[in-house]
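Take a look at the letters that make up each chain.
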Amino acid sequence: MTSRRLPVAIAMALAPLAGCTRPAPTVDGNPPPVALPVALPVPGAARPVSPPPVPAAIASIRAVPSPMRGVTIDSVANLPAIVEAVQGLSSKPTIRLVFDPGTTPADYASAVTALRPHAYLMGELVDSTALRRISVDGMTRQARNFARAFAGQIDIWEIGNEVNGAWAGRNPEEINAKVLAAYRVIAGEFHLRTAITLNYWSGPDCYAKPWEPTLAFAQGMPAELREGTRLVLLSVYGTACSPPQHPDAAALARTLNRLARLFPNARLGIGEIGAQGIVDGLPADPSLVEKQRIAQTYYGMQHELRLRVGNRFAGGYFWWYFRQDAVPRDKPETLWPELDRLLSGL
């Protein structure tokens, strides 16, 4: 998510069930030992251009507990304060680390090394607006470069973000080709876990193109992606729609359960939430009270979503503005204490 998710009207105007005797479930369900490949084989995939990661790197991939206690870090600027905020959380989170266009793995090496002892890591290869600007070959290079660098350190790889958004590409064929290219590298060459995030849209007030509805777009994704992806997530922003959408847990669960049939080998979760502001095209920034309300609404759905979706529900949520709202954790008007409380309560 970047500052491109305008409400439709504005855009037009601008032109675990784990008992004390059982281990907690993971985002792979009940995975094989992590020394084994954690992605399904890719039918007919081309031979890797370079050798896959050495067995030691594969063996170091961790089983990620469910529920995931997710927050997003969209920049590694001020890394010491980020690490301090993450390290101080009461429960070990899953950090979604966004790899920006024009960067290299070296730009994130220190962050990955510093954060990994305190968090599980999900690497977002390309954010949704950047996806529109990258070619299929560029997506392949991005996936291969980052996987070579971090195959043994990143636990989950998000290969497509908000893929059913018009800002992500001109049409589904273009978007799916890029996501599939990343999948064939991450899953096919490196045998790593992949995740895909779709926008949750409650209706046509939320989208500009006829191909954007969540389930219709997902159904049209290549079978190779749908069968091999290990985690499918929903990005949920009320203010992305005009008038704003206010989905409850029952509505989100209905969509997740339908996605479960389309992605038979995937766990399911919420992949992005947050309180949007001026940078996102809204007339004002949210107050701390509004941020708290939105965070409480979605993190607070965990119990009901787990009941309605079942064992395949993996949590997540991944508050997009963690760096802006909670770093440093003692900043004025900080959201850190509330996020800490909500994450530990999942």
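Provided above is the structure to which this section pertains.
The model shown is predicted, which means the values in this text are computed figures rather than measured ones.

A. Quick look at the overall build of the protein. Each helix and strand counted, the protein has 14 helices and eight strands in total. Counting only residues that meet the buried cut, the protein has 59% of its 346 residues in that class. Surface summary for the protein: the accessible area is close to 13800 Å², and the carbon and sulfur share equals 56%.

B. Representation of the state of the cysteines within the structure. Counted according to the given criterion, the structure contains one disulfide. Residue pairing for cysteine 206: its cysteine sulfur links by disulfide to cysteine 241, the two sulfurs lying 2.0 Å apart. Here cysteine 206 and cysteine 241 share a disulfide; its torsion about the S-S bond, 105 degrees, makes the bridge right-handed. You can see cysteine 206 sitting in the loop between strand S5 (194-199) and helix H8 (214-219) and its partner cysteine 241 sitting in the loop between strand S6 (231-235) and helix H10 (249-262), a full 35 residues away along the chain. For the pair cysteine 206 and cysteine 241, a shared accessibility class is recorded, and that class is buried.

C. View of H10. For H10, built from 14 residues, the straight-helix expectation of 20 Å at 1.5 Å per residue is met to within 8% by its first-to-last C-alpha distance of 20 Å. All of the buried residues along H10 are Ala249, Ala250, Ala251, Leu252, Ala253, Thr255, Leu256, Leu259, Ala260 and Leu262.

D. Seen up close, the pairing of strand S3 (residues 120-124). Within S3, five of the five residues are buried, which leaves it mostly tucked inside the rest of the structure. Along S3, one buried face is formed by Tyr120, Met122 and Glu124 and the opposite face, lined by Leu121 and Gly123, is buried too. Both strand S2 (residues 94-98) and S3 contribute to a ladder of five bridges, which runs parallel. Within S3, the position partnered with leucine 97 by the bridge is glycine 123. In the classification by handedness, the crossover that spans S2, the intervening helix H4 (residues 109-115) and the parallel S3 is right-handed.

E. Looking closely at the side chain of glutamate 224. By the element assignment, glutamate 224 lies in helix H9 (residues 223-228). Side chain to side chain, glutamate 224 and arginine 184 meet in a polar contact 2.8 Å long.

F. Representation of the nonpolar core within the structure. Residues Leu125, Trp157, Ile270, Tyr299, Leu305, Trp319 and Phe322 are the most contacted members of the largest nonpolar core, which totals 101 residues. In this structure, phenylalanine 322 is in contact with Val71, Thr72, Ile73, Ala85, Val86, Val327, Trp336 and Leu339, ignoring residues within four places of it in sequence. If you look at the next biggest cluster of nonpolar residues, it comprises eleven residues, including Val27, Met68, Ala314 and Phe318.

G. Structural context of the pattern of salt bridges. Inspection of the entire model under this criterion finds 15 salt bridges. Two residues, arginine 329 and glutamate 84, come together in a salt bridge whose shortest N-O distance is 3.0 Å. With arginine 329 in the loop between helix H13 (322-326) and helix H14 (336-344) and glutamate 84 in helix H3 (residues 79-87), this residue pair connects regions lying 245 residues apart in the sequence. A relative accessible area of 28% places arginine 329 in the partly exposed class.

H. How the structure looks around the pairing of strand S1 (residues 68-73). Across the six residues of S1, six count as buried, placing the element largely inside the fold. Going residue by residue along S1, you find Met68, Gly70 and Thr72 tucked away on one face and Arg69, Val71 and Ile73 tucked away on the opposite face as well. Bridging between S1 and strand S8 (residues 313-319) involves three bridges; their strand directions are parallel. When the sheet's bridge partners are listed, arginine 69 is paired in S8 with glycine 316. Here four bridges tie S1 to S2, and the two strands are oriented parallel to one another. Counterpart to valine 71 in the pairing with S2 is isoleucine 95. Note on the crossover from S1 through H3 to S2: the handedness is right-handed.

I. Inspection of the sheet that holds S5 at higher detail. Here we have eight strands rolled up into a closed barrel, ordered S1-S2-S3-S4-S5-S6-S7-S8, and parallel in their pairing. The sheet shows a mean angle of 25 degrees between the axes of neighbouring strands, direction not considered. Against the sheet, helix H7 (residues 172-189) makes contact with strand S4 (156-160) and S5, and its axis sits at roughly 160 degrees relative to S4, the strand it touches most. Packing against the sheet, helix H11 (residues 288-299) makes contact with S1 and S8, and its axis sits at approximately 170 degrees to S8.

The rules behind each value
Residues numbered from 1 in each chain as written. Predicted model: local features only at pLDDT ≥ 70, side-chain atom pairs only at ≥ 80, totals over all residues. Heavy atoms only, no water. Helix = DSSP H or I, 4+ residues; strand = E, 2+ residues; numbered from the N terminus. Buried < 20%, exposed > 50% of the residue type's maximum accessible area, 1.4 Å probe, protein only. Areas by Shrake-Rupley, 256 points an atom, 1.4 Å probe, with all protein chains shown as cover. Disulfide = S-S within 2.5 Å. Expected span 1.5 Å × (residues − 1). Pairing = 2+ DSSP bridges. Right-handed = clockwise from strand over helix to strand, strands pointing away. Polar contact = N/O pair within 3.5 Å; in protein donor to acceptor, adjacent residues only side chain to side chain. Core = buried A, V, L, I, M, F, W, Y, C linked by side-chain atoms within 4.5 Å. Contact = heavy atoms within 4.5 Å. Salt bridge = Lys/Arg side-chain N within 4 Å of Asp/Glu carboxyl O. Axes fitted to C-alpha atoms, helices over the stretch in contact; angles between N-to-C directions.

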